[in-house]
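# An overview of the molecular structure
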Amino acid sequence: MTARPEDLPASTSLVRLGPERHAIPPSSRPHPVNVAFLGLGAIGAPMARHLAKPPFSLTVWNRTASKAAAFAAETGARAASSPAQAARGAQVVVTCLPTSREVEALLDGDDGLLAGLSNESMLVDCTSGDPATSKRMAARLGERGIAFMDAPVSGGVVGAQNGALTIMCGADPATLERARPVLEAFGKKIVLCGPIGAGDAVKAVNQSLLGIHIWALSEGLVALSKAGVSPSLALDVINASSGRSNVSQNLFTERVITRAFPRTFKLALLEKDMTIAAEFARENRVPSPMTQSAADLFRVARGALGEEADHVEAVKLLEQWGGCEVTG
Ligand code: NDP
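Residues numbered from 1 in each chain as written. Predicted model: local features only at pLDDT ≥ 70, side-chain atom pairs only at ≥ 80, totals over all residues.

## Notes on the overall build of the protein
Of the regular secondary structure elements, the protein holds 14 helices and 9 strands. Relative to the compact-globule value of 20 Å for 328 residues, the protein shows a C-alpha radius of gyration of 21 Å, a close match. With respect to the principal axes defined by its C-alpha atoms, the protein has extents near 70 × 45 × 35 Å. Relative to its full complement of 328 residues, the protein shows a buried share of 46%. Taking the contacts inside the protein whose residues are at least 6 apart along the sequence as the reference set, 66% of them involve residues at least 24 apart. (Helix = DSSP H or I, 4+ residues; strand = E, 2+ residues; numbered from the N terminus. Rg over C-alpha atoms; globule rule 2.2 N^0.38 Å. Buried ≥ 20, exposed ≤ 12 C-beta atoms within 10 Å, placed from the backbone. Contact = placed C-beta atoms within 7 Å.)

See the structure below:
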């Protein structure tokens, strides 16, 4: 997707590139948009790959430096040796780490983000974070004139690869417009949900629904399977009926029935998201027994299945409890 010149920071001049445009002589080629991306994990790496081409000039940083070096070698991006070095000269710095806590921890110190960010730059946090920490980070950056927005994403690794993520933004409208060209590189539906923290909150509620669907469908299919009903047949019926969801239509058909269980999104991260949703409901004094119980159940699953398990593997715990596999 192409950045819109009017949306870029004032120091940037961009010309739309495409088949309908005339070739631009080297002397008048537009300046690239300098972007830094920190966190080349399961979703971060495919997001960053969209920024490793014009009109962007990309610098990456990753805690495990070998991953950043390999990414740089493959894409032509530069690998920075610290968050500060990555941020220096970048107009937009994107972070995508497990939780807000890890992002906040990158701010300080000689090598930290604050040492590299200038008041012409902005921090776009695509972590599925928590509203309170996002507000705290926004306040700290704001003291230095640096804009911040929470911009968690949805759509999974495939959505990231296709540049088709949904992005839930917590920001003031002007900040979102400045970031939009970068967000459009990997996002398709970009929504301003409200002020700082609102993107995190919407994302957490979405994740709670994802977990509830996984858990409830697991319970139902284990019971049906144990009673002798084919899970594939049951899914076929459900997917043509009112109980269907992304979980039944895609995740269970592609990953559970087949026993493929690819590891694309950690159950530990989903448990973290569901806990954010539970805390958000409590903070707003909303009775939320379903949200609280679901978060508790995923905490049990995280303990039982470990830090590396994929989120869909929650079904394995229900299979153990029920003594029956969801297959065939
Ligand atoms: P991964 O666990 O695959 O990657 C985590 C990334 O964060 C790695 O680059 C890791 O570095 C880095 N990291 C971990 N701890 C630290 C730390 N203490 N300091 C600095 N860097 C650290 O996670 P995902 O990419 O799957 O998820 C990232 C975020 O995106 C999460 O908030 C998640 O909830 C969200 N998300 C994920 C989706 C998915 O499908 N995977 C979908 C939508 C949102 P290292 O390489 O050194 O381990």
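## Describing the domain arrangement of the protein
Looking at the assigned domains, one finds that the protein contains domain 1 (5-195) and domain 2 (201-322). The gap between the C-alpha centroids of domain 1 and domain 2 is 30 Å. Between domain 1 and domain 2, the contact holds 12 residues from the first and 12 residues from the second. Of the residues in the side of domain 1 that touches domain 2, the class split is 7 nonpolar, 4 polar and 1 charged. (Domains from an automatic or database assignment. Nonpolar A, V, L, I, M, F, W, Y, C, P; charged D, E, K, R; others polar.)

## Some details on helix α14 (residues 314-322)
By the burial criterion, the buried members of α14 are A314, V315, K316, L317, L318 and E319. Following α14 by one or two positions, G323 adopts a phi angle in the positive range, close to 70°.

## A few points about the pairing of strand β5 (residues 122-125)
Alternating residues of β5 divide into M122 and V124 and L123 and D125, and every residue in both groups is buried. Bridging between strand β4 (residues 92-95) and β5 involves 4 bridges; their strand directions are parallel. Considered in β5, the bridge of V92 is made with M122. Bridge count for β5 against strand β6 (residues 147-150) is 4 bridges, and the pairing is parallel. (Pairing = 2+ DSSP bridges.)

## Some remarks on the environment of T99
Along the chain, T99 turns up in the loop between β4 and α4 (100-105). A residue is classified by how many C-beta atoms lie within 10 Å of it, and T99, with 18 of them, is partly exposed. For T99 and Q320, which are 221 residues apart along the polypeptide, the C-alpha to C-alpha distance reads 30 Å. For T99, the residues in contact, after removing those within four places along its chain, are T127, G129 and K272.

## Section: the nonpolar core
In this structure, V35, A36, V60, V93, V94, V124 and F148 are the most contacted members of the largest nonpolar core, which totals 95 residues. It is helix α9 (residues 198-226) that provides the largest number of residues to this core, a total of 10 residues. Contacts of V124, omitting those with residues within four sequence positions, involve V92, V93, V94, M149, A151, A179 and V182. (Core = buried A, V, L, I, M, F, W, Y, C linked by C-beta atoms within 7 Å.)

## Quick word on helix α10 (residues 231-238)
An α-helix turns once per 3.6 residues; consequently, residues spaced three or four apart project the same way. For α10, the full list of buried residues reads P231, L235 and I238. Along α10, the residues classed as buried sweep out an arc of 65° about the axis, all on the same side. (Arc of directions from axis to C-beta.)

## A few points about the environment of S121
If you trace the backbone, S121 turns up in the loop between α5 (113-116) and β5. S121 sits 170 residues away from T291 along the chain, and the two C-alpha atoms are 37 Å apart. In contact with S121, not counting residues within four places along its chain, are A87, A90, Q91, V92, V93 and I146.

## Remarks on the site of the ligand
Around the ligand sit 25 residues in total, of which G41, A42, R63, T64 and F265 are the nearest. Contributions of two or more residues to the shell around the ligand are made by β7 (153-154), α7 (156-161) and α12 (267-283). When the residues that make up the shell around the ligand are grouped by side-chain class, the tally is 10 nonpolar, 10 polar and 5 charged. Each of domain 1 (5-195) and domain 2 (201-322) gives at least three residues to the shell around the ligand. (Near = placed C-beta within 6 Å.)

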